[in-house]
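Examination of the molecular architecture
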Amino acid sequence: RTPAAGEGKSHYLAYSTEQRRVVLGIQGTSDMNDVLTDAMCRAVPLSPRVRGGEVLAHEAMSVAARHLAARVGPLLRDLFTPSGRPYSIAVTGHSLGAGTACLLAVLLREDIGIDVVAFGFATPPVIGKDAALRCKPYILSVV
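Computed from a prediction, not measured in an experiment: that's the story for all the values here. (Residues numbered from 1 in each chain as written. Predicted model: local features only at pLDDT ≥ 70, side-chain atom pairs only at ≥ 80, totals over all residues. Heavy atoms only, no water.)

1. Let's talk about the overall build of the protein chain
Scanning the protein chain from N- to C-terminus turns up four helices and seven strands. Counting only C-alpha atoms, the protein chain reaches 45 × 30 × 30 Å along its principal axes. Expressed as a percentage of the 143 residues in the protein chain, the buried residues total 41%. Here the protein chain displays about 7,800 Å² of accessible surface, and carbon together with sulfur accounts for 57% of that area. Across the protein chain, the 15 positively charged side chains and the 12 negatively charged ones have centroids separated by 5 Å. (Helix = DSSP H or I, 4+ residues; strand = E, 2+ residues; numbered from the N terminus. Buried < 20%, exposed > 50% of the residue type's maximum accessible area, 1.4 Å probe, protein only. Areas by Shrake-Rupley, 256 points an atom, 1.4 Å probe, with all protein chains shown as cover. Lys, Arg positive; Asp, Glu negative; His and termini not counted. Charge placed at Lys NZ, Arg CZ, Asp CG, Glu CD.)

Printed below as a string of structure tokens:
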């Protein structure tokens, strides 16, 4: 089966046991499927469990973020955030990857309870203004 737009985003997880850091890098736009993902920009609810009110998000990037949250969220929670000295966790990406990283940070923080920061480079607008302002403490977007 061919993945739907946004469903199969390539990513890389790196960690350092010495520095107690985890970085999840998400690939940006790289092919025509990604161009279609970029174009599917209807606003849809990101998740019913996000605190602080409904967050409307870019449709296809929210699909990618939800798939990544389901794939890496349990790993991050179980391996890198146990009691004791948890790891610092960052997600990052460029363009499509940046939008997905920012939405993933919201999901990991609000849905799963993982303390995470996001660094987006050339991040497209993926959430509304009110939600973006609520995310300001943990998401940095460089345009």
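2. Considering the packing of aromatic side chains
Following the criterion strictly, the structure yields two aromatic pairs and no others. Note on tyrosine 15 and phenylalanine 80: the rings are 5.3 Å apart at their centroids and 50° apart in plane angle, and the pair reads as tilted. Residue tyrosine 15 is found in strand β1 (residues 11–16), and its partner phenylalanine 80 is found in helix α2 (residues 59–80); the two are separated by 65 residues along the sequence. The class of tyrosine 15 is exposed, set by a relative accessible area of 53%. The buried category is assigned to phenylalanine 80, whose relative accessible area is 5%. (Phe/Tyr/Trp six-rings, centres within 6.5 Å; stacked < 30°, edge-to-face > 60°.)

3. Quick word on the pairing of strand β5 (residues 88–94)
One ladder, built from six bridges, connects strand β2 (residues 21–26) with β5; its direction is parallel. By the bridge assignment for β5, isoleucine 26 is matched with glycine 93. In terms of strand pairing, β5 meets strand β6 (residues 116–121) through six bridges, oriented parallel. Note on β6: the bridge partner recorded for alanine 90 is valine 117. What joins β5 to β6 is helix α3 (residues 96–112), and the crossover it makes is right-handed. (Pairing = 2+ DSSP bridges. Right-handed = clockwise from strand over helix to strand, strands pointing away.)

4. Quick notes on the pattern of salt bridges
Scanning the model with the defined rule gives three salt bridges in all. Put simply, aspartate 78 and arginine 77 hold a salt bridge, and the shortest N to O gap is 3.1 Å. Between arginine 109 and aspartate 115 there is a salt bridge, with its nearest N and O atoms 2.6 Å apart. Note on arginine 109: relative accessible area 22%, which makes it partly exposed. (Salt bridge = Lys/Arg side-chain N within 4 Å of Asp/Glu carboxyl O.)

5. What about the side chain of threonine 100?
Within the secondary structure layout, threonine 100 lies in helix α3. Look at threonine 100 and you get buried, because its relative accessible area is 0%. What threonine 100 contacts, discounting residues up to four positions off in sequence, is Ile26, Met61, Ala64, Ala65 and Leu68. (Contact = heavy atoms within 4.5 Å.)

6. Observations concerning unusual backbone geometry
Positioned with a positive phi, arginine 20 is a non-glycine residue whose angle comes to about 55°. Within the secondary structure, arginine 20 sits in the loop between β1 and β2. Even without being glycine, alanine 122 reaches a positive phi, approximately 60°. On the secondary structure map, alanine 122 appears in the loop between β6 and α4 (129–135). Note on alanine 122: relative accessible area 38%, which makes it partly exposed.

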